[in-house]
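Per-entry structural report
Residues per chain, in single letters:
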Amino acid sequence: MARFTMARSRHVALALTLLVAPGVVATSASATGVPAATDPAPSAPAQRHRHLYVGGFASPAIAGASVTRDGAMRLVSSSPFPSGPSSLGMAITPDGRTLYSVSAGLQLSSLPLQPGSITRYRTAADGTLTETGETVAAGPVIGAAITPDGSRLFVTVATGTTGEVLSYSVSPSGDLIPTGAPPVPVPSAVSQVAISPDARHLFVSNFLTNNMSSFEIASDAGLSPVGAPVPTGDKPALPAISPDGRRLYVSNEGSGDVSGYAIGRNGRLSPLPGSPYVSGGTPHGAVFTPDSRRVYVANAAGDTITGWSIGRDGRLSPLPGSPYSSPGVARVVLSADAQVLYAMTGAPRRSGKVSSLAVRPDGSLTPTGFPSISTGLFWHDGSNAFLTPNQGPIAALRAEGHGRGPTRTFSAAGSSDPDGRVARYRWDFGDGSAETTTTPRVTHRYSTAGPRTVSVTVTVTVTDDEGCSTVLVYNGTTVECRGGARARATERIDVGRP
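For the structure given in this document, a descriptive report is provided here. Quick caveat: nothing in here was measured; it's all calculated off a predicted structure.

1. Here's the deal with unusual backbone geometry
Cis geometry is adopted by the peptide bond preceding proline 80, which originates at serine 79 and carries an omega value of 5 degrees. Mapped onto the elements of the fold, proline 80 is located in the loop between strand S3 (73-75) and strand S4 (81-82). In this structure, the amide linkage connecting serine 322 to the following residue, proline 323, adopts the cis form with an omega of 5 degrees. Of note, proline 323 is situated in the loop between strand S27 (316-318) and strand S28 (324-325). At serine 78, a residue that is not glycine, the phi angle is positive and equals roughly 75 degrees. In this model, threonine 282 sits at a positive phi of 55 degrees, which is unusual for a non-glycine residue. Along the polypeptide, threonine 282 turns up in the loop between strand S23 (277-278) and strand S24 (283-288).

Structure follows, in structure tokens:
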């Protein structure tokens, strides 16, 4: 929800009338004749790729781009894809197959508020989007977040000068079905939502009342307030939760800083030491590394990206060289392996671009050298950009041979990764010893004492080339790494004297 000098009153107008900024025509690139082409890309190593999706508040469309592991980008065929007008939010299911785009609707200030909508799409392997349905909401839809297991979608809706939270169950086909839980009021019409990684609590940033609301999520999706809303800085937007679930950071667009909170077991928010942290003009959304040790924020009115390390107490300290120059930046997205940061520009009257920055070992940023791409859309705003989730690896294990001798060979060659490759194998041989290899076959000698045969359980845990393994990584709105138990396999064997 970036704010620019040329449209400083847009958020207030949105809260009251959802009025598109003067002089901005809400049309797609194809309607305006703006080409949605990519610059010629340098030759890059053949790599499995995922897809980056970006929405435009002033363009009723979604741009899609294929991205490689090192940050090369190319627009998806037929991009951009039509969507609802005035979109400030998107969400994607953990399996990456269904995408939702929320619409605040398009209207004139002289007309009453009109209903918003949630449009759903099926994603194809090549990144193209096919619209599969639309759900009409009671009012303009502002924010969206899907639970880590993909079973529910929560959205914030404007109801005049205030708002409310609605919930939907997600069917296996991606259809949305109201949960039946009653709408829960929030104090601001412009509000956005985030969910804790354990799916026990939901948080809402209240842009017009300068505070954050916390709720407990019941098994039926009902929401119960956790205390009173806690104060933030001026104009809070885009709350983000660290993957470890311990902390929440929200960008204060009006005061140019970031408020940080510890998340209690009951969902209560407590200010972190040193909060708020100075960021830059119009900070706009935080993104975390998977280990929850670093965070980056785009400063939409400052042409910079601020990077911080996160201390043990949650305090933020600038990374080397921070802030980093990034002209026109409005939003950033971090790759699942935290090696590439994608920066989206967001001027209301200028077609948006995406560039890629490499993340150095110390967390500092430097251009990848790949050309930027033009999305053909205007005003990349809100929680409107993400990568398709990394699906994580699947482990397979077998013991080779049929003997019971002390020297045994194990193979994990049957392991696989849906969107990359298996890069590392961690072996636990069941006798207190372990080994890590980059190849799927290993030989181990067991020590034996006496004639007795013993049984041991051998385990292999696999990690893919983006660092995804047994842990699911979730940022409060979407899954980044769909890790889980399938990345580990076991086999019980008998070991004795030959």
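2. Description of the pairing of strand S26 (residues 304-310)
Regular strands have side chains that alternate between both faces of the sheet. The element S26 is extensively covered by neighbouring structure, given that six of its seven residues are classed as buried. Sheet analysis places strand S25 (residues 294-299) next to S26, joined by six bridges and oriented antiparallel. Directly across from arginine 294, in S26, lies its bridge partner serine 309. In this sheet, S27 lies alongside S26 in antiparallel orientation, the contact comprising three bridges.

3. Considering the side chain of serine 117
By the secondary structure assignment, serine 117 is in strand S7 (residues 117-123). Among the polar contacts listed, one links the side chain of serine 117 to the side chain of glutamate 134, at a separation of 3.5 Å.

4. Overview of the pairing of strand S10 (residues 152-158)
In terms of residue burial, S10 counts as a mostly covered element, since seven of its seven residues are buried. Burial along S10 is two-sided: the residues Arg152, Phe154, Thr156 and Ala158 and Leu153, Val155 and Val157 are all buried. Here five bridges tie strand S9 (residues 141-146) to S10, and the two strands are oriented antiparallel to one another. What sits directly across from alanine 145, in S10, is phenylalanine 154. Hairpin geometry of S9 and S10 is characterised by an intervening segment of five residues between the two adjacent antiparallel strands and by a positive phi of about 75 degrees at glycine 150. Sheet topology note: the S10/strand S11 (residues 163-170) ladder contains seven bridges and is antiparallel. Looking at the pairing, leucine 153 lines up with tyrosine 168 of S11. The antiparallel hairpin formed by S10 and S11 contains four residues in its connecting segment, where glycine 160 sits at a positive phi of about 110 degrees.

5. A closer look at the environment of threonine 470
Note that threonine 470 resides in the loop between strand S40 (454-464) and strand S41 (472-474). Looking at threonine 470, the relative accessible area reads 27%, which means it is partly exposed. Taking the C-alpha atoms as reference, threonine 470 lies 7.3 Å from arginine 486; in sequence the two are 16 residues apart. Setting aside residues no more than four positions away along its own chain, threonine 470 makes contact with Thr461, Gly483, Gly484, Ala487 and Arg488.

So, how was this worked out
Residues numbered from 1 in each chain as written. Predicted model: local features only at pLDDT ≥ 70, side-chain atom pairs only at ≥ 80, totals over all residues. Heavy atoms only, no water. Helix = DSSP H or I, 4+ residues; strand = E, 2+ residues; numbered from the N terminus. Buried < 20%, exposed > 50% of the residue type's maximum accessible area, 1.4 Å probe, protein only. Pairing = 2+ DSSP bridges. Polar contact = N/O pair within 3.5 Å; in protein donor to acceptor, adjacent residues only side chain to side chain. Contact = heavy atoms within 4.5 Å.

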